[in-house]
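# Coordinate inspection notes
So you can see what is in the structure, the chains are spelled out below.
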Amino acid sequence: MSLFDILAILGKVAFVLAVVLGSVPLIVWFERRGSAWIQGRVGPNRVGPFGLFQPFVDVVKFATKENFVPRDSSKVYYHLAPALAVVAPLAAFAVIPFGSQIIVMGQAIQLQITQLDIGILAILAFAGLEIYPVMLAGWSSNNKYGVFGALRGSSQMMSYEIAFGLSLASMLLVYGTFDLNEMVRYQQNTFFGFLPKWGILLNPLSFLIFLIAIFVETNRLPFDLPEGDSELVAGYHIEYGATKFMMFFFAEYVAMIMASSVLVTLFLGGYATLPGVGLLIHTLGISLDLTSDNQQNLLALGQVTSFIFKVALIMIFYVWVRWTLPRFRFDQLMNLGWKILFPLSLINLMFVASFLAWIGG
Amino acid sequence: MAKVVSRKESFWDRFYIPALLIGLSVTLKHFFRSLVLGKTKTIQYPEVKREYSQRFRGRHFISIDQNKIENCTSCYLCQTVCPAECITIVAEERDPAQNPYGVAKEKKPLSFDIDALRCCFCGMCEEACPKDAIKLSRDYELATLNRDEAMYDLNYLKREVKGRG
Ligand code: SF4
Ligand code: SF4
């Protein structure tokens, strides 16, 4: 590995971290002001323009609070849980492609931190890890509400992992690859020359199931039973305060961004530019008389922007849904998971498989 | 007797999707109404203050006459009726040599203390007062930096309050 490669990877890591971590305060801000707007309030508008600095002030507040550890907790797991909560979703970003490639000094750089052939499986593995912080935090803090939250969290994540996996499997059949880059390249094709071949159009049912499943996986309302403020006070992170709570809070949003990135990659064309924008970039590149390298760079810029744009739309949808729906009851949640989504995704998988076998053979 | 109410759920209702879309459209409407039209219920408190009704019971004051002499005659009715026992009055005779009011105001309070921390703002003192002396204003910003400031003495209670404040 040459020095150039190492620098390129470090640059990509820094870029992804900066974008992900930098967008969390923005999303938190939007969540608070968005909820206010939905409820006919104004929301935090005092700190900085439009209240944009509110999350930063909150960070300072959390950081200066007392670092409390409950006496009868298991100290190791208690401290491990918030760290794991942040690390697991962040690690999954390593395999998500956020652009095709840029060309620097004649060398192509893939806009993806690691090019794994089994990318989607790595994401599944890291998504699976997200259960551990919930269980560790709930159990180790030695609190009834914490344990309840952990039990609910682990059972709901387990149940929905199935629907999640099956809807994913049907998409794998459609694309015929585990490689996320390949999937995006497939989605850049078009039907009849104008409609993009995005996963959502190929397999809308799968998209719906996946969308519901990621809401459950990230413990967002209407499926926030592990936290359930009105029933469990704060659920699994009830005994966490100050910086440790902030890490859970952060992790929730990082996990949301991660889940939306996967959703966008699988179903919304990933970094493929929106219809028409590609042509625009092409004409712009030609009219500015750029070299072919720079044209590719311009295209990559457009792709990264479209990727971020699509993820942002999903995040807005997350907030929108959160302030619309009430929380599910636990039996309703389990019914939905096992009696509706599981059979539905299974049927969907069978249908896709037989359809592909039919047109393939 | 308990009556069983059966909710009619159509086939589609069981997927939650139609109801969900209706809910989403409602919140979207409200979102844009607050964001674009600015129709919010929030009062930007320190700059804008809520106008309370004339009957609001806030910080006490003692009404004064045209000579800036308090109307209170230390009859102790308010101290007696106060359920929180937060009024402490010490009475005194007004110097007969310089008393323009004659029998109307023979007595006056030497000191008149109200412990606002104990007060429950029931307004009984106001109702009991035969002289309409003690009153509750509409001032609701009662926060103080220390406990002493919440003890209202005669001097403070005699402050000029227009109408009901
Ligand atoms: S408002 Fe009620 S509690 Fe307060 S001083 Fe008057 S009588 Fe006492
Ligand atoms: S304030 Fe009114 S009720 Fe109280 S002592 Fe004075 S005159 Fe009597």
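What counts and what doesn't
Residues numbered from 1 in each chain as written. Chains lettered and ligands numbered in written order. Predicted model: local features only at pLDDT ≥ 70, side-chain atom pairs only at ≥ 80, totals over all residues. Domains from an automatic or database assignment. Axes fitted to C-alpha atoms, helices over the stretch in contact; angles between N-to-C directions. Helix = DSSP H or I, 4+ residues; strand = E, 2+ residues; numbered from the N terminus. Parallel < 35°, antiparallel > 145°, perpendicular 65-115°, else oblique. Left-handed = near helix turned anticlockwise from the far one by under 90°. Contact = placed C-beta atoms within 7 Å. Nonpolar A, V, L, I, M, F, W, Y, C, P; charged D, E, K, R; others polar. Buried ≥ 20, exposed ≤ 12 C-beta atoms within 10 Å, placed from the backbone. Arc of directions from axis to C-beta. Pairing = 2+ DSSP bridges. Near = placed C-beta within 6 Å.

## Quick notes on the domain arrangement of chain B
Each assigned domain of chain B is listed here: domain 1 (10–42) and domain 2 (60–96 + 105–157). A straight line from the C-alpha centre of domain 1 of chain B to that of domain 2 of chain B covers 53 Å.

## What to know about the packing of helix H3 (residues 75–92) of chain A against helix H4 (residues 119–129) of chain A
All names here are of chain A. Packing of H3 against H4 leaves a shortest axis separation of 8 Å and a crossing angle of 170°. With respect to each other, H3 and H4 are oriented roughly antiparallel. Here the hand of the crossing between H3 and H4 comes out left-handed. Between H3, through Ala-88, Pro-89, Ala-91 and Ala-92, and H4, the contact on the second element is made entirely by Ile-123, Phe-126, Ala-127 and Leu-129. In the contact of H3 with H4, the residues fall into eight nonpolar, no polar and no charged.

## Structural notes on H4 of chain A
Residues and elements named next belong to chain A. Here H4 has its buried residues at Gly-119, Ile-120, Ile-123, Phe-126 and Ala-127. Buried residues along H4 cover an arc of 125° about the axis, so they all sit on one side. Residues of H4 that are buried make contact with H3, helix H6 (144–175), helix H7 (180–187), helix H9 (204–217) and helix H11 (242–267).

## Some words on the pairing of strand S1 (residues 101–104) of chain A
In this structure, S1 of chain A lies alongside strand S2 (residues 107–110) of chain A, joined through four bridges in antiparallel fashion. In the sheet register, Ile-102 of chain A faces S2 of chain A, and the bridge partner there is Ile-109 of chain A.

## As for the site of ligand 1
Among the 14 residues in the neighbourhood of ligand 1, the closest are listed as Cys-82, Cys-119, Cys-122, Met-124 and Cys-125 of chain B. Taken together, the residues that form the shell around ligand 1 break down as 13 nonpolar, one polar and no charged.

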